[in-house]
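Summary of structural features
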Amino acid sequence: MSKTTSNMVEVSYDNKVVKAFIQATLLWGFVAMLLGVTIALQLANFNFNFDLPWLTFGRLRPLHTNAAIFAFVGNGMFAGVYYSLQRLLKARLFNDTLSWIHFWGWQLIIVAAAVTIPFGFSQGKEYAELEWPIDIAITLIWVVFAVNFFGTIKKRREKHIYVAIWFYIATVVTVALLHVVNSISLPVSFMKSYSFFAGAQDALIQWWYGHNAVAFFLTTPILGLMYYFVPKAANRPVYSYRLSIIHFWSLVFIYIWAGPHHLLYTALPEWVQTVGMAFSVALWAPSWGGMINGLLTLRGRWDKVKTDHTLKFLATAVTFYGMSTFEGPLLSIKSINAVAHFTDWIVGHVHAGTIGWNYMLTAGMLYYLVPKLWKAELYSPKLANLQFWLATFGLVLYIVSMWVAGITQGMMWMAVSPESGNLIYPHFIETVTQIVPMYWVRAIGGILVLTSFGIMIYNFWKTIKSSNRGSEMDNEVAQVTSNMDQGTGKPKKAHQALEGLPAIFTILVFLSVIVGTIIELAPTFLASSYIEKSEDVTPYTPLELLGRDVYIKEGCYTCHSQMIRPMVNEKLRYGHPSHISESIYDHPFQWGSRRIGPDLARVGGKYPHMWHYRHMVNPREMTPGSIMPNYPWLIKNRYNLKQLQTKMKVMVSLGVPYTEEEIASAVADATSQAEEITESLVEGGIPAKIQDKEVVALIAYLQRLGTDMQFEDEDESDESINEGEGE
Amino acid sequence: MKSQVFTEFTLTMLPATGLFLFLLLFIAALVWVFRKDSNKFYEQLEQIPFNEDQIRDQQ
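None of the values given here were measured: they were computed from a predicted structure.

Reading the values: rules and limits
- Residues numbered from 1 in each chain as written.
- Chains lettered and ligands numbered in written order.
- Predicted model: local features only at pLDDT ≥ 70, side-chain atom pairs only at ≥ 80, totals over all residues.
- Helix = DSSP H or I, 4+ residues; strand = E, 2+ residues; numbered from the N terminus.
- Buried ≥ 20, exposed ≤ 12 C-beta atoms within 10 Å, placed from the backbone.
- Rg over C-alpha atoms; globule rule 2.2 N^0.38 Å.
- Contact = placed C-beta atoms within 7 Å.
- Expected span 1.5 Å × (residues − 1).
- Domains from an automatic or database assignment.
- Axes fitted to C-alpha atoms, helices over the stretch in contact; angles between N-to-C directions.
- Parallel < 35°, antiparallel > 145°, perpendicular 65-115°, else oblique.
- Left-handed = near helix turned anticlockwise from the far one by under 90°.
- Nonpolar A, V, L, I, M, F, W, Y, C, P; charged D, E, K, R; others polar.
- Bend = angle between axes of the 7 residues up to and from the residue.
- Core = buried A, V, L, I, M, F, W, Y, C linked by C-beta atoms within 7 Å.
- Pairing = 2+ DSSP bridges.
- pLDDT = per-residue confidence, 0-100.

Concerning the overall build of chain B
- Counting its regular elements, chain B contains four helices and zero strands.
- Ordered by position from N to C terminus, the α and β elements of chain B give α-α-α-α.
- Classification of the 59 residues of chain B by burial places 8% in the buried group.

So this is what it looks like as structure tokens:
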């Protein structure tokens, strides 16, 4: 592909795979946003769930988040990384075959996700729902990417590694670590597994992963792209290279510690929460260092931002990066988190990042790349302008409506009458109907963002169509000066040492992320001596275990938490705060992150079986105004008894103390518990054939929640308050 | 025994030492990155994204 003439080398850059990733970005971006609009409408009006299992919110929401993060941003990131990497290193990608395995492998994984998640195959952990065979595929494709990436660095002709590549290295290394650790699970069957970790351990690992998926998938690679494309588009070097070094190392070191801010006021040890909060606040400095560096690169070029579409999107992206990285640490402060957590404020914050930062930066990058790679002039600058304003306006609607909804609901939950000491809004549903108008505003905002994306696709489609020279650019030939060799094409001895630097660099990055990881995670790994076990807490019965799997399959955790925080209002509303040992057998934990419906940690015994049955068939019958979907299929589908014993055996391997007798009699025990529940349903006029249906198992599970431990301070007043609650 | 250590040991010296060490490392990095005689080096580095274009102009 290349030949050496003195120190001038001819390089043929692989544009073809970059173009493929760009097309995939456009396709999956649209799909992800369409899913987003769908679930936004479902919250505004439950009828948009269409009573179809694969179209319900609980199943589509995980698909939306996975599509947005891994399909849209992922493909965009790979396009940008492969384009800039070759040019910054003056070398073609390491291996064409690996590039294409990477491309098609990644698309296959996305298709596998799109096929499995709507049909209820889920591990029940946010942004990590994909079942174990797909997790293995992700690992393999990531290794392919890593080999291709480091292989390109190895054969580079530029001895210095530009700062953008540092951010890419941090991504490659850390995402691998996060994905592998968080995905450890034991399979029950081909498409079912249980998380290796349980309860508090699982929560900590999940949010160490979840937060750093934001950090190392949605942030660091995109910052790398910022450090390449902003200077290129502005045609001037980065404002301060020195600042970028400080930005990089402090960001990489600090980010990994911040995960526990997703678990403030939970049953997690206090010191872990405090460390999470402190490091989140510390993140302000490096994040803003990077933002200032990006924006100041545009100094003297602000006039161009008005007319140049690339710069317009890039400048807006960096601005939103600044905004969301200001809001993030703010939300991590415990007193603010007390209001914001479990509300739509968090949802608004997340979208300020994903739309404001990721979408805008990707769009800016694409406006730079598409005309270049297809050798064509942009079809319509006017459409690009329209896209920009639609996206910006839609995003503002989105963020503002979620601020209003989140703060309103959070304050309503917390409101306690100073005279009576009772909740001012004891009915959870009151706090839902209050914010439904905001769900409509959010849906409109989402539709505008989706439309803007559609306009960009049309604009690029017309641009590409007008080019008949596109394929000429598949292998772009450039002459570059190699500073790695001297005539022979072989590196000098001194440079051989420099070539070793990326390896040392990678090790340093790994060390930076591993310090926080070990300090935060290690104590909980000593769980047997750290989390006190309560004798009252026993494993789920066989039927409850099956019911729990239904709960996970339907994605109930996307709307219901199982974690009562130690606050007066939560105790009044839900009962005694959750105890760390209560979820010790929960593989995976189901603490949740959002309360679209009420917390379920102590829902057991609160309502009769019949209430749950009718609530599943039509939630509005029991709670007028409820926005929960109907679950008619739960009374038609049978629970799976065939796998029951295998499931219990897997649980035993994970440390759940089922005895051999319990496993041997599992089917009989499950059937007998189902009969008991069915009896009370039959009294209410439900036919007895319901006994082997999923709804019965789910009722068994729900009725168990929070009933293990009895707390001394529980009194009758709790019950009188809880009676009024609903949804 | 182990659980007692974890629950009763306050370990205040440990985070304080950690903070001190990492602060020291940060200041050292800051001084090293902003040392005066490195101007030329960083100017060279920030030009890397533009090198390729200049060379193609000569083509």
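Right, picking up where we left off after that structure.
Here's the deal with the overall build of chain A
- Looking only at helices and strands, one finds 28 helices and five strands in chain A.
- The C-alpha atoms of chain A give 27 Å as radius of gyration, which agrees with the globular expectation for 727 residues (27 Å, within 12%).
- By principal-axis analysis of the C-alpha atoms, chain A measures approximately 90 × 50 × 45 Å.
- Here chain A holds 727 residues, and 55% of them are scored as buried.
- Residue pairs in contact within chain A that sit at least 24 positions apart in sequence constitute 83% of those at least 6 positions apart.

A short note on helix 7 (residues 241-255) of chain A
Residue and element names in this part refer to chain A.
- Over its 15 residues, helix 7 extends 21 Å from the first C-alpha to the last, a length consistent with the 21 Å expected when each residue adds 1.5 Å.
- Of all 15 residues in helix 7, twelve are buried, a share of seventy percent or more.
- What helix 7 keeps buried is the set Tyr241, Ser244, Ile246, His247, Phe248, Trp249, Ser250, Leu251, Val252, Phe253, Ile254 and Tyr255.

Describing the domain arrangement of chain A
Residues and elements named next belong to chain A.
- Segmenting chain A into domains produces domain 1 (12-471 + 492-517) and domain 2 (542-723).
- Computed from C-alpha coordinates alone, the two centres of domain 1 and domain 2 are separated by 34 Å.
- Counting from both sides, the interface comprises 45 residues of domain 1 and, opposite them, 51 residues of domain 2.
- Broken down by secondary-structure element, the contributors of at least two residues to the side of domain 1 that touches domain 2 are helix 2 (57-89), strand 3 (185-189), strand 4 (192-195), helix 6 (199-234), helix 14 (381-414) and helix 15 (428-433).

Considerations on the packing of helix 7 of chain A against helix 2 (residues 13-33) of chain B
- Two elements in contact, helix 7 of chain A and helix 2 of chain B, have axes whose closest approach is 10 Å; the angle formed by their N-to-C orientations is 160°. It follows from the interaxial angle that helix 7 of chain A and helix 2 of chain B lie roughly antiparallel. As for how helix 7 of chain A packs across helix 2 of chain B, the hand of that crossing is right-handed. Each of A:Arg242, A:Ile245, A:Ile246 and A:Trp249 in helix 7 of chain A lies in contact with helix 2 of chain B, whose residues at this interface are B:Ala29, B:Leu30 and B:Val33.

Some remarks on the packing of helix 5 (residues 163-182) of chain A against helix 7 of chain A
All names here are of chain A.
- One way to put it is that helix 5 packs onto helix 7 with a least axis distance of 10 Å and a crossing angle of 5°. As summarised for this structure, helix 5 and helix 7 are arranged roughly parallel, according to the angle between their axes. Residues Val163, Trp166, Phe167 and Ala170 of helix 5 lie in contact with helix 7, whose contacting residues are Tyr241, Ser244, Phe248 and Val252.
- Tallied by class, the residues present in the contact of helix 5 with helix 7 amount to seven nonpolar, one polar and no charged.

Some remarks on helix 18 (residues 501-525) of chain A
Residue and element names in this part refer to chain A.
- Spanning 25 residues, helix 18 covers 34 Å between terminal C-alpha atoms, matching the ideal 36 Å at 1.5 Å per step.
- Along its length, helix 18 shows its largest kink, about 35°, at Ile518.
- Inspection of helix 18 places Val509, Ser512, Val513, Gly516, Thr517, Glu520 and Thr524 among the buried residues, and these make up the whole buried set.

Concerning the nonpolar core
Residues and elements named next belong to chain A.
- Counting 225 residues, the largest nonpolar core has Tyr82 and Leu314 as the members making the most contacts within it.
- With 22 residues, helix 6 is the single largest residue contributor to this core.
- Built from parts of two domains, this core gets at least three residues from each of domain 1 (12-471 + 492-517) and domain 2 (542-723).
- In contact with Tyr82, not counting residues within four places along its chain, are Val17, Val18, Phe21 and Leu93.

Some thoughts on unusual backbone geometry
Residue and element names in this part refer to chain A.
- Between His587 and the following residue, Pro588, the backbone shows a cis peptide bond with an omega angle of -5°.
- In this model, Tyr127 sits at a positive phi of 65°, which is unusual for a non-glycine residue.
- Along the chain, the position of Tyr127 falls in the loop between helix 3 (96-116) and helix 4 (132-154).
- Judged by the 19 C-beta atoms lying within 10 Å of it, Tyr127 is partly exposed.
- One non-glycine residue, Asn235, adopts positive backbone phi at about 55°.
- Here Asn235 is to be found in the loop between helix 6 and helix 7.

Concerning the pairing of strand 3 of chain A
Residue and element names in this part refer to chain A.
- Of the strand pairs in this sheet, strand 3 and strand 4 are connected by four bridges, and their pairing is antiparallel. Directly across from Ser185, in strand 4, lies its bridge partner Ser195.
- Hairpin connection, strand 3 to strand 4: the antiparallel pair is bridged by two residues.

Some points on the environment of A:Leu572
- Along the chain, A:Leu572 falls in helix 21 (residues 568-574).
- Spatially, the C-alpha atoms of A:Leu572 and A:Val416 are 9.1 Å apart, while their sequence positions differ by 156 residues.

Topic: the environment of A:Met291
Residue and element names in this part refer to chain A.
- Following the sequence through the fold, Met291 ends up in helix 9 (residues 284-296).
- For Met291, a count of 23 C-beta atoms within 10 Å puts it in the buried group.
- Sequence separation between Met291 and Gly322 is 31 residues, and the spatial gap between their C-alpha atoms is 5.7 Å.
- Excluding anything up to four places from it in sequence, Met291 contacts Val318, Tyr321, Gly322 and Thr325.

Concerning the confidence of the model for chain B
Residues and elements named next belong to chain B.
- Of all residues in chain B, 66% have pLDDT values of 70 or greater, and the mean over the chain is 76.
- No element of chain B has a lower mean pLDDT than helix 1 (residues 2-8), which averages 59, and none a higher one than helix 3 (residues 39-46), which averages 88.
- Predicted complex metrics record ipTM = 0.81 and pTM = 0.93.

Quick word on the environment of A:Asn358
All names here are of chain A.
- Summarising the element assignment, Asn358 is placed in helix 13 (residues 344-373).
- Separated by 206 residues in the primary sequence, Asn358 and Ile564 place their C-alpha atoms 33 Å from one another.
- Among residues more than four places away in sequence, those in contact with Asn358 are Val73, Leu218, Ile222 and Gly353.

Concerning the confidence of the model for chain A
Residue and element names in this part refer to chain A.
- Predicted confidence across chain A gives a mean pLDDT of 92, with 93% of residues reaching 70 or more.
- Confidence drops under pLDDT 50 across residues 1-5; counting only partners more than four residues distant or on other chains, this segment forms nine contacts.
- Below pLDDT 50 for its whole length, residues 716-727 participates in 26 contacts with residues either more than four positions away or in separate chains.

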